[in-house]
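What follows is the residue order along each chain.
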Amino acid sequence: LAKTTQPISMDSYEGQEVNITCSHNNIATNDYITWYQQFPSQGPRFIIQGYKTKVTNEVASLFIPADRKSSTLSLPRVSLSDTAVYYCLVTETGANNLFFGTGTRLTVIP
Amino acid sequence: DVKVTQSSRYLVKRTGEKVFLECVQDMDHENMFWYRQDPGLGLRLIYFSYDVKMKEKGDIPEGYSVSREKKERFSLILESASTNQTSMYLCASSLSGQGPDTQYFGPGTRLTVL
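Residues numbered from 1 in each chain as written. Chains lettered and ligands numbered in written order. Predicted model: local features only at pLDDT ≥ 70, side-chain atom pairs only at ≥ 80, totals over all residues. Heavy atoms only, no water.

K.L.:
When you look at the packing of aromatic side chains in this model, what are you seeing that I'm missing?
P.N.:
Two measures describe an aromatic ring pair: the distance that separates the ring centres and the angle between the ring planes. With the rule as written, the count across this model stands at seven aromatic pairs over all chains. Taking the centre distance of 6.1 Å and the plane angle of 85° together, the rings of Tyr36 of chain A and Phe46 of chain A count as edge-to-face. With Tyr36 of chain A in strand S3 (residues 31-38) and Phe46 of chain A in strand S4 (residues 45-50), this pair connects stretches of sequence that are ten residues apart. Seen in terms of ring centroids, Phe33 of chain B and Tyr35 of chain B are 6.4 Å apart; in terms of plane orientation they differ by 25°. Their pairing is stacked. For the residue pair Phe33 of chain B and Tyr35 of chain B, the accessibility class agrees, reading buried in each case. Through a chain of ring-to-ring contacts, the aromatic side chains of Tyr36 and Phe46 of chain A together with Phe33, Tyr35, Phe48 and Phe105 of chain B assemble into a single cluster. Above the ring of Tyr51 of chain A, the side-chain terminus of Arg68 of chain A is found at 3.9 Å from the ring centroid. (Phe/Tyr/Trp six-rings, centres within 6.5 Å; stacked < 30°, edge-to-face > 60°. Helix = DSSP H or I, 4+ residues; strand = E, 2+ residues; numbered from the N terminus. Buried < 20%, exposed > 50% of the residue type's maximum accessible area, 1.4 Å probe, protein only. Lys NZ or Arg CZ within 6 Å of the ring centre and 35° of its normal.)

K.L.:
I'm lost on the sheet that holds strand S1 (residues 4-6) of chain B in this one. Help?
P.N.:
Two modes of strand pairing occur in sheets, parallel and antiparallel, and in both the strands are linked by backbone hydrogen bonds. All names here are of chain B. Pairing in this open sheet of four strands is antiparallel, and the strands run S1-S3-S8-S7 from one edge to the other. On the outer flanks of this sheet lie S1 and strand S7 (65-70), each paired with one strand and no other. Neighbouring strand axes in the sheet, compared pairwise and without regard to direction, differ in orientation by 20° on average. Here strand S3 (residues 19-25) runs beside strand S8 (residues 73-78); their pairing, made up of six bridges, is antiparallel. Among the inter-strand pairings, Val24 is bridged to a residue of S8, identified as Arg73. (Pairing = 2+ DSSP bridges. Axes fitted to C-alpha atoms, helices over the stretch in contact; angles between N-to-C directions.)

K.L.:
Hey, could you run me through the interface of chain B and chain A in this one?
P.N.:
Size of an interface, as often reported, equals the accessible area lost when the parts are brought together. Facing the 23 residues of chain B at the interface are 21 residues of chain A. The junction of chain B with chain A conceals about 1600 Å² of combined surface from both sides, 54% of it contributed by carbon and sulfur atoms. Linking chain B with chain A are zero salt bridges. Only strand S4 (31-38), strand S5 (42-49) and strand S9 (87-94) of chain B provide two or more residues apiece to the side of chain B that touches chain A. Residues of the side of chain B that touches chain A, tallied by class, amount to twelve nonpolar, eight polar and three charged. (Contact = heavy atoms within 4.5 Å. Buried area = accessible area lost by both parts, 1.4 Å probe. Salt bridge = Lys/Arg side-chain N within 4 Å of Asp/Glu carboxyl O. Nonpolar A, V, L, I, M, F, W, Y, C, P; charged D, E, K, R; others polar.)

K.L.:
What is the right way to look at the sheet that holds S3 of chain A in this model?
P.N.:
All names here are of chain A. Taken together, five strands build an open sheet; the order of strands is S1-S9-S8-S3-S4 and the sheet is mixed. The open sheet has two free edges, formed respectively by strand S1 (9-13) and S4, since each of these has just one partner strand. Averaged over all neighbouring strand pairs, the angle between strand axes comes to 25°, with direction disregarded. Of the pairings in the sheet, the one linking strand S8 (residues 84-92) to strand S9 (residues 104-109) comprises three bridges and is antiparallel in character. From the neighbouring strand, Tyr86 faces S9, where its bridge partner is Thr104.

Have a look at this one:
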């Protein structure tokens, strides 16, 4: 499993765009990059997944450079309800074992 | 939406007791997982199952067993609970064969062993 490294915590004011970067230097050809969000006292929730370039959905955008050794989760105009822990994972097609790590704790400040 | 439910949100047990944690998913997923989550350690995989009656050890299976008699149900068993098994337990499920794995999690069971 490719190991990921991301900041332990981040603070942001409401209404700002938040970018959380994750490094995964040992990513393999078959690996995808997946982000999960976890609120207190809840299980993680899938946010977005990508292989290369840019992916956007109703929640977030994911930017992946050509070398795929890092990725950036972008949350537009965060609100207080976006306060959560965000996990970056490298997931291999068909693999069952996901490594979550400790994630990035995002705190949105009024 | 996928729904994964866990039998209890909070559970308090005594050392030495046998503990059953139940998980049910309603989307016909082949794969089911049990994790524990502890502060500073993230999520750690205990066991997973890719089919009925099939099971695979995860990263920390010691002290736990599992049972999957029906596709929708995956049980985690603590044969003799110990205080170091006090933790948040999370169940998840996923569908096989559709690209990289995306897991859907239940709300968690916070287990305290006294």
